[in-house]
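# Architecture at a glance
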Amino acid sequence: MADILKGAKTIVTLIIIFTLIVAIATIFDLPGYLATDTEQLSADNATSKALIVYDPGIMGMGLRTAYWMGEDLRTRGYDVNLSGIRSGDIENATGYEVVIVIGPTYFGGPTGPISAYLKQVQTKPGARVGVYAVSGLLGDDASREMRKVLEDRSVIVKSAGSVSAWDRGAEEKSYAFIFSMME
């Protein structure tokens, strides 16, 4: 009996430690601060350029969504720049016809790096701008807040959307979002 209690105590301790690590990583958005990569998706005979800025999030859903959207835009004839939120390639968005910002939702709002970016990003007049929130919970949508930050700065947002990491139709929703951006 003592061995069972000792084993149970060890399991509970490991669960608590794991939970604390995940909570700290979430609160401080560690994946967002480490998202420094940039990748180019080139289309044959591209005449337009798109920038997708993403914060990967704890579960990596922001990065997966960025790839889905980037591939869709590439097949539509865009050269796509997929850039992590801490990439040096996101500072000037004025050279792009399409700008999409993808970020996770933590505690009902976008992450700090995403909020900071939205408050300072400059886009080309007439650019198609979109925001997309990904969350670990159903119904937790920061896209309204992301849209408001841009619109308060007089940036016209063409489309805003969201998806849960648990949504089985997440990839299809990303394609539908791009479709709404192109209408």
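Quantities reported herein were computed from a predicted structural model and do not represent experimental measurements.

## Topic: the packing of helix 3 (residues 61-75) against helix 6 (residues 170-182)
Here helix 3 crosses helix 6 at 50°, and the two axes come no closer than 9 Å. Compared by their axis directions, helix 3 and helix 6 come out oblique. Remark: the crossing between helix 3 and helix 6 carries right-handed chirality. Between helix 3 and helix 6, the contacting residues are Met61, Thr65, Trp68, Met69, Asp72 and Leu73 on the first element and Ala170, Glu171, Ser174, Tyr175, Phe177, Ile178 and Met182 on the second.

## Some points on the pairing of strand 2 (residues 48-54)
Judged by how many residues are buried, strand 2 sits mostly within the fold: 6 of 7 residues are covered. One ladder, built from 7 bridges, connects strand 2 with strand 3 (residues 78-84); its direction is parallel. Note that in strand 3 the partner of Leu51 across the bridge is Asn81. Each parallel crossover has a hand, and for strand 2 linked through helix 3 to strand 3 it is right-handed.

## Some thoughts on a nonpolar patch on the surface
Nonpolar side chains collect at one region of the surface, where Met1, Ile4 and Leu5 lie side by side and expose about 390 Å² of accessible area between them. Mapped onto the elements, Met1 comes out in the segment before helix 1 (2-27). By relative accessible area, Met1 is classed as exposed at 74%.

How each quantity is defined
- Residues numbered from 1 in each chain as written.
- Predicted model: local features only at pLDDT ≥ 70, side-chain atom pairs only at ≥ 80, totals over all residues.
- Heavy atoms only, no water.
- Axes fitted to C-alpha atoms, helices over the stretch in contact; angles between N-to-C directions.
- Helix = DSSP H or I, 4+ residues; strand = E, 2+ residues; numbered from the N terminus.
- Parallel < 35°, antiparallel > 145°, perpendicular 65-115°, else oblique.
- Left-handed = near helix turned anticlockwise from the far one by under 90°.
- Contact = heavy atoms within 4.5 Å.
- Buried < 20%, exposed > 50% of the residue type's maximum accessible area, 1.4 Å probe, protein only.
- Pairing = 2+ DSSP bridges.
- Right-handed = clockwise from strand over helix to strand, strands pointing away.
- Patch = residues over 30% accessible without salt bridge, like charges linked within 9 Å, V, L, I, M, F, W, Y side chains within 5 Å.
- Areas by Shrake-Rupley, 256 points an atom, 1.4 Å probe, with all protein chains shown as cover.
- Salt bridge = Lys/Arg side-chain N within 4 Å of Asp/Glu carboxyl O.

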